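Fold and geometry: a report
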Amino acid sequence: MEFEQEAKIEGFPKNGNYEDLHSSSLPPRLHRLAKLPWESTWIQQLRTEGKSGNTIKSYLCAVKKFIKISLPDEIDFESESISNMPLISLSERINPDNGRLDIWLQSMHNLKNSTINARIAAASHLIIWVGHSIPEYLSRPNKGKHIPRTLTASELKKVRDAAYNSENPMMHLIVTIFLDTGIRVSELCSLDFHDIDLQDKSARVVGGKGNKDRLVLFTNDSVVAIQKWISLREKRIRDDNLALFINQHGNRITPRSIQKLMDKLADDASIPRTRLSPHVLRHNFATGLLERGADLVSIQRLLGHSSIATTRIYLEISDQTLREVYQRAQSNRNLLEDEVKTNEN
């Protein structure tokens, strides 16, 4: 019965013999993989390229929506059939010339440009990987200029006060670390206890975005908060859990649970829930560094950005901040020039 269903789907051989689908439609590098399930094979490729676990998960979610699109006279099929489809069959199914790509693109007309861009990026990677060319008409929509809103000084004070007075023992620590380090929520959840160096006031982020390791720094505020948390953490540990942050069930916390904490914190701080998220606190960290005199390259490294252009987007720079940064830079230039003249004399 399962074969009868597959036989009606474009990309599956109608007689059940995958030899009928010539591997020559694949690039030579993939010939020996032609009969293997495409999903596990592609995941391995993404890992080889250094894609993070979150990126791989997003890519899979996007391309499966594309693959599942049915052409006229085709029947729908289950997700398991998609995952187990041989690579050679997958290549036939996602061929841009059969019209499936066009239908999929049209189905996304009501989504945000950022979502469309992310899904197109995933599908484009898969299409190119199996040897097809991207049609000239396929272009990503303009994301437009978007400057993320940071918390105001008064909002930030409310959040800090609410976190400090929260009944949840992790709340104050999590907010402090977000604002001290600018760490991503996925990186925070992945922290193990041995990644923290209290004496050095630093933490090693292992396998961050882009599968890159980096060092994040924190202040004495984080040291004090972590030291208070350690005793409770030890009571919650189960099965030698290495995680720094452990919930009441003894498990590592997740990004979803962190956002639930943020929602509760927003309520306690009397600010809209839409104004508070781990990402907003990361923006506040970056903007705060700039206002206090940090240079853009240093902020880029602390945030873990591969491109300084991304760092610029993160910074909400007011005219007053820009003026202060400019005046500070000019003052430093004058000091350097005076020092050079002194040495010459």
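Keep in mind that what you see is a predicted model, and the values were worked out from it rather than measured.

**Quick look at the sheet that holds strand β3 (residues 214-217)**
- The strand order β1-β2-β3 describes an open sheet built from 3 strands, whose pairing is antiparallel. At either end of the open sheet lies a strand with only one pairing partner, and these are β1 (196-197) and β3.
- Looking at chain direction, β1 and strand β2 (residues 202-205) are connected through 2 bridges and run antiparallel. Looking at β2, one finds that Asp-197 is bridged to Ser-202.

**Re helix α2 (residues 38-48)**
- Those residues of α2 not exposed but buried are Trp-38, Glu-39, Thr-41, Trp-42, Ile-43 and Leu-46.
- Looking at the residues trailing α2, positive phi occurs at Gly-50, about 85°.

**Details of the pattern of salt bridges**
- Per the stated rule, a full pass over the model turns up 9 salt bridges.
- Of the charged contacts in the structure, one is a salt bridge between Lys-51 and Glu-49, with a shortest N-O distance of 3.0 Å.
- Arg-214 is the partner of Glu-187 in a salt bridge, and the nearest nitrogen-oxygen pair spans 2.7 Å. Linking Glu-187 in helix α10 (residues 185-190) with Arg-214 in strand β3, this pair joins segments that are 27 residues apart in sequence. As far as burial versus exposure is concerned, Glu-187 and Arg-214 are alike and both buried.
- Salt bridges linked by common partners bring Arg-184, Glu-187 and Arg-214 together as one network.

**With respect to the side chain of Ser-52**
- You can see Ser-52 is positioned in the loop between α2 and α3 (53-68).
- In this structure the side chain of Ser-52 is engaged in a polar contact, spanning 3.0 Å, whose partner is the side chain of Thr-55.

**Side note on the nonpolar core**
- If you look at the biggest cluster of nonpolar residues, it comprises 40 residues, and the most contacted ones within it are Ile-174, Leu-188, Phe-245, Ile-258, Leu-265 and Leu-276.
- Of all elements in the fold, only α8 (153-164), α9 (171-181), α10, β2, α11 (220-236), α12 (255-269) and α13 (278-291) reach the threshold of two or more residues within this core.
- Top element by residues in this core is α9. It accounts for 7 residues.
- Residues contacting Leu-188, with those up to four places away along its chain left out, are Ile-174, Ile-177, Phe-178, Ile-183, Phe-245 and Ile-258.

**Regarding the pairing of β2**
- Remark: 4 residues form the turn of the hairpin made by β1 and β2, two consecutive strands paired antiparallel; Lys-201 in that turn has positive phi of roughly 55°.
- Sheet topology note: the β2/β3 ladder contains 4 bridges and is antiparallel. Considered in β3, the bridge of Ala-203 is made with Val-216.

Definitions and limits used
- Residues numbered from 1 in each chain as written.
- Predicted model: local features only at pLDDT ≥ 70, side-chain atom pairs only at ≥ 80, totals over all residues.
- Heavy atoms only, no water.
- Pairing = 2+ DSSP bridges.
- Helix = DSSP H or I, 4+ residues; strand = E, 2+ residues; numbered from the N terminus.
- Buried < 20%, exposed > 50% of the residue type's maximum accessible area, 1.4 Å probe, protein only.
- Salt bridge = Lys/Arg side-chain N within 4 Å of Asp/Glu carboxyl O.
- Polar contact = N/O pair within 3.5 Å; in protein donor to acceptor, adjacent residues only side chain to side chain.
- Core = buried A, V, L, I, M, F, W, Y, C linked by side-chain atoms within 4.5 Å.
- Contact = heavy atoms within 4.5 Å.

Interpretation note: all reported values are geometric properties and have no functional meaning in isolation.
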